[in-house]
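Notes for the structure review
Next come the chains, spelled out residue by residue.
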Amino acid sequence: MKVTLHVDGKRIPMNKFVQSVVRDVNLAIISNLKGVEEWNVIEIRIEKSSESSEK
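These numbers come from a predicted model, not from an experiment. (Residues numbered from 1 in each chain as written. Predicted model: local features only at pLDDT ≥ 70, side-chain atom pairs only at ≥ 80, totals over all residues. Heavy atoms only, no water.)

**A look at the overall build of the chain**
Note the following rule: We count a stretch as a helix when DSSP gives it H or I for four or more residues in a row; a strand needs E for two or more, and each element gets its number in order from the N terminus. Here the globule rule is a power law, 2.2 Å times the number of residues to the power 0.38, and the radius of gyration is based on C-alpha atoms. Each residue's exposure class comes from its accessible area (1.4 Å probe, protein chains only) as a fraction of the maximum for that residue type: buried when under 20%, exposed when over 50%, partly exposed otherwise. By the counting scheme adopted, Arg and Lys are positive, Glu and Asp are negative, and His together with the chain ends is not counted. Where a charge lies is defined by one atom per residue type, namely NZ (Lys), CZ (Arg), CG (Asp) and CD (Glu).
For the chain, the count of helices and strands is two helices and two strands. Mapped in sequence order, the helices and strands of the chain form the string β-β-α-α. Relative to the 2.2 N^0.38 estimate, which gives 10 Å for 55 residues, the radius of gyration of the chain is 14 Å and therefore markedly larger than a compact globule would have. Principal axes of the C-alpha set define a box for the chain whose edges measure 40 × 30 × 15 Å. Residues classed as buried in the chain amount to 7% of the 55 residues present. With 9 positive and 8 negative side-chain charges, the chain shows a separation of 7 Å between the mean positions of the two kinds.

Put into structure tokens, the structure is as follows:
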């Protein structure tokens, strides 16, 4: 299983331990969601919302 992290388009290197933690935590959460059965690729995107839209 391959785990990569990009922040603002820049790839962030992770050692095997960090990759394992990121993978295991996310798979544990995602596998418990309704509608998730078999999968090939999981993509998670997190964007900051602008302060003006939060008010």
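**Points about the layout of surface pockets**
Here the idea is plain: a probe the size of a water molecule rolls over the atoms and shows the empty space left. Spelled out, the test is: Only protein atoms enter the 1 Å grid used here. Points where a 1.4 Å probe fits but cannot escape make up a cavity, open sets with protein on both sides within 12 Å along at least five of seven lines make up a pocket, and a residue lines them when an atom lies within 4 Å of a point. Grid points are joined across faces, edges and corners, and a volume is the space filled by probe spheres set on the points. Throughout, the ten residues Ala, Val, Leu, Ile, Met, Phe, Trp, Tyr, Cys and Pro are labelled nonpolar, Asp, Glu, Lys and Arg are labelled charged, and all others, Gly among them, are labelled polar.
By volume, the largest pocket amounts to about 850 Å³. Every element with two or more residues in the lining of the largest pocket is listed here: strand S1 (5-7) and helix H1 (16-31). Here the lining of the largest pocket takes five residues from H1, the largest share from any one element. Taken together, the residues of the lining of the largest pocket break down into 13 nonpolar, five polar and five charged.

**Re the environment of valine 36**
Along the chain, the position of valine 36 falls in the loop between H1 and helix H2 (51-54). Taking relative accessible area as the criterion, valine 36 reaches 28% and is therefore assigned partly exposed. The sequence separation of valine 36 and methionine 1 amounts to 35 residues, and the corresponding C-alpha distance is 18 Å.

**Describing the pattern of salt bridges**
For clarity, the threshold we go by: Salt bridge, as used here: a side-chain nitrogen of Lys or Arg that lies within 4 Å of a carboxyl oxygen of Asp or Glu.
Evaluation of the coordinates by the stated rule reveals two salt bridges. With a shortest N-O distance of 3.0 Å, arginine 23 and aspartate 24 are connected by a salt bridge. Between arginine 45 and glutamate 47 there is a salt bridge, and its shortest N-O distance comes to 2.6 Å. Each of the two residues, arginine 45 as well as glutamate 47, counts as exposed.

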